[in-house]
Amino acid sequence: MTSVVTGTSVKDAAVRPKLTLVLDAGGTMLKGAVLRNGKRVPGIQLKQPSRAQDDAAHIVAGFAHACIDLLEQYLSQEQGLEGRLNAGRLEGLQNERLKVAQPIGIGFAFPGPFDYKEGIALLQGVGKYDALYGQSVCSLLKQQLLSLKTAFPAPALNALAEADIRFGNDALMFGAGAALRYPCERLICLTLGTGLGSAFIDRGRVVAGVQGVPASGMLYAQTFEGAPVDDQFGRRGLLQLAASQGLLQPDMDVAELAAAAAAGDEPCLALFHSYGERLGSMLLPYVMDFRPDRILLGGQISNSWELWRAALQRILAPSGVSLVQLPDTMSCVYQGIHRLFEEDEQD
């Protein structure tokens, strides 16, 4: 087994950061929050377009300004200043009253493929972050923050430029955060979003390559009924299944299909029933080999799980595993990102 956290820092941090800017780099949206000593700071959040189809310079500039926005929100709140100071703008952090009294960590949940240890993006041909292929996002962000520090000198920007920067797989970050709720259990953690993210965890540590778990520790590349799992059990797969059954109309997405099913539309109910059965059939061999105490479900599609829970439970009944849907997926992801900065203590 390996540590549940993985990542890299721009420098070897001698002091574990007490303030963590946590960001989830999705293909559509960039989301963020601030954690202090591992606890989320209320009232601070970020949600903006990720610009994942832009060139590398614009993507990284977006990351840098997201960090500035989060830090400005935190410092304005912490130091009792009236309102937000030019939210997301450098002028806000130039205020001399905004000073950072503790080490900062910047942690990203990033989709793969990605070299998380070195901070190098390896996504190519997947429609998001292609412009970063082969480049160190870690170094690019560090350079961007250093250039902003030079152009706009201020104590807060100095602290941001010196931050410890780390990266982790988005699905593993969900698993890492969710595992904190069940520290003594074996878990399969699934995120059902655009595709299917997964992590196998035993008492807080990732399992890979043993007990029926794929060598990667993830299911996305495994095949089921002749096709990759990632293409079948996220949004893409559910829409393809709907199309194959003649249910997909123009401008219809998963939310519309779920709403129709919840309203009693029989074909849509049958669609989600089929989804649950197929998901269970795919999972059953891994569940029987790994023997988890629970399967934890997150991601947008899990929000409709009342439509397919019974079918999934029926297929998995021989294993006796418990199913838990976690509605606060992002909270788990943020907690998992924070754990990136605890890996030095765990190793």
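Here the structure is a predicted model, which means the values were calculated and not measured.

Conventions and cut-offs
Residues numbered from 1 in each chain as written. Predicted model: local features only at pLDDT ≥ 70, side-chain atom pairs only at ≥ 80, totals over all residues. Heavy atoms only, no water. Helix = DSSP H or I, 4+ residues; strand = E, 2+ residues; numbered from the N terminus. Buried < 20%, exposed > 50% of the residue type's maximum accessible area, 1.4 Å probe, protein only. Contact = heavy atoms within 4.5 Å. Areas by Shrake-Rupley, 256 points an atom, 1.4 Å probe, with all protein chains shown as cover. Axes fitted to C-alpha atoms, helices over the stretch in contact; angles between N-to-C directions. Parallel < 35°, antiparallel > 145°, perpendicular 65-115°, else oblique. Left-handed = near helix turned anticlockwise from the far one by under 90°. Nonpolar A, V, L, I, M, F, W, Y, C, P; charged D, E, K, R; others polar. Phe/Tyr/Trp six-rings, centres within 6.5 Å; stacked < 30°, edge-to-face > 60°. Lys NZ or Arg CZ within 6 Å of the ring centre and 35° of its normal. pLDDT = per-residue confidence, 0-100. Salt bridge = Lys/Arg side-chain N within 4 Å of Asp/Glu carboxyl O. Core = buried A, V, L, I, M, F, W, Y, C linked by side-chain atoms within 4.5 Å. Expected span 1.5 Å × (residues − 1). Arc of directions from axis to C-beta.

1. Details of the overall build of the chain
- Helix and strand counts for the chain stand at eleven helices and 16 strands.
- Among the 347 residues that make up the chain, the fraction classed as buried is 53%.
- Taking contacts inside the chain between residues at least 6 apart in sequence as the whole, the part at least 24 apart equals 65%.
- Accessible area of the chain: about 14700 Å², with a carbon and sulfur share of 50%.

2. Examining the packing of helix α8 (residues 266–290) against helix α9 (residues 309–316)
- Contact pair α8 / α9: the axes reach a minimum separation of 7 Å and the direction vectors enclose 30°. Taken together, the axes of α8 and α9 are roughly parallel relative to one another. Both α8 and α9 take part in a crossing whose hand is right-handed. For the pair α8 and α9, contact is made by His273, Gly276, Glu277, Leu279, Gly280, Ser281, Leu283, Leu284 and Val287 and by Ala311, Leu312, Arg314, Ile315 and Leu316, respectively.
- A per-class count over the contact of α8 with α9 returns eight nonpolar, four polar and two charged.

3. Details of the packing of aromatic side chains
- Counted by the stated rule, this structure contains 15 aromatic pairs.
- Ring geometry for phenylalanine 110 and tyrosine 129: centres 4.8 Å apart, planes at 45°, overall tilted. In this pair, phenylalanine 110 sits in strand β6 (residues 104–110) while tyrosine 129 sits in the loop between β8 (120–121) and α3 (137–151), placing the two residues 19 residues apart along the sequence. Accessibility assignment for this pair places phenylalanine 110 and tyrosine 129 in one class, buried.
- Pairwise contacts between aromatic rings join Phe63, Phe108, Phe110, Phe114, Tyr116, Tyr129 and Phe167 into one cluster.
- Taking NZ or CZ as reference, arginine 186 lies 4.1 Å from the ring centre of phenylalanine 290, over its face.
- The ring of tryptophan 305 has arginine 309 lying over it, and the distance from NZ or CZ to the ring centre is 4.9 Å.

4. Concerning the confidence of the model for the chain
- Looking at the chain as a whole, its pLDDT mean stands at 88, while 87% of the residues score no less than 70.
- Mean pLDDT values for the elements of the chain range from 51 in helix α2 (residues 90–93) up to 98 in α9.
- Here residues 4–14 is a poorly scored stretch, pLDDT under 50, and it has 40 contacts once near neighbours within four places are set aside; other chains count.
- Note that residues 82–88 has pLDDT below 50 and, in this model, 17 contacts with residues that lie over four places away or in other chains.

5. Observations concerning the pattern of salt bridges
- Applying the stated rule across the entire model yields 13 salt bridges.
- With its nearest N and O atoms 3.1 Å apart, the salt bridge here joins aspartate 202 to arginine 203.
- Given a relative accessible area of 7%, aspartate 202 falls into the buried group.
- Linking aspartate 230 and arginine 236 is a salt bridge whose minimum nitrogen-to-oxygen distance equals 2.9 Å.
- Residue classification places arginine 236 among the partly exposed positions, given a relative accessible area of 28%.
- Taken together, the shared-partner salt bridges connect Arg186, Asp202 and Arg203 into one network.

6. Comments concerning the environment of threonine 150
- Take threonine 150: it is sitting in helix α3.
- Looking at threonine 150, the relative accessible area reads 65%, which means it is exposed.
- Through-space distance from the C-alpha of threonine 150 to that of alanine 161 is 9.7 Å; in sequence the pair is eleven residues apart.

7. A look at the nonpolar core
- Phe63, Ile106 and Phe110 are the most contacted members of the largest nonpolar core, which has 45 residues in total.
- Of all the elements in the fold, those that place two or more residues in this core are β2 (19–25), β3 (29–36), α1 (56–78), β6, α3, α4 (155–161) and β9 (164–169).
- With twelve residues, α1 is the largest single contributor of residues to this core.
- Excluding residues that lie within four positions of it along the chain, phenylalanine 110 makes contacts with Ala25, Phe63, Tyr116, Leu123, Tyr129, Leu132, Phe167, Gly168, Asn169 and Asp170.
- Membership of the second largest hydrophobic core comes to 39 residues, among which are Ile188, Val229, Val287 and Leu297.

8. Quick word on α3
- With 15 residues, α3 ought to run about 21 Å at 1.5 Å a step, and its terminal C-alpha atoms sit 21 Å apart, in line with that.
- By the burial criterion, the buried members of α3 are Val137, Cys138, Leu141, Lys142, Leu145 and Leu148. Along α3, the residues classed as buried sweep out an arc of 130° about the axis, all on the same side. In α3, those exposed residues whose orientation departs by more than 90 degrees from the buried face are Thr150 and Ala151.

9. Points about the environment of serine 136
- Among the secondary structure elements, serine 136 is positioned in the loop between β8 and α3.
- Taking the C-alpha atoms as reference points, serine 136 and glycine 119, separated by 17 residues in sequence, lie 5.4 Å from one another.
- Aside from chain neighbours lying at most four places away, what touches serine 136 is Glu118, Gly119 and Ile120.

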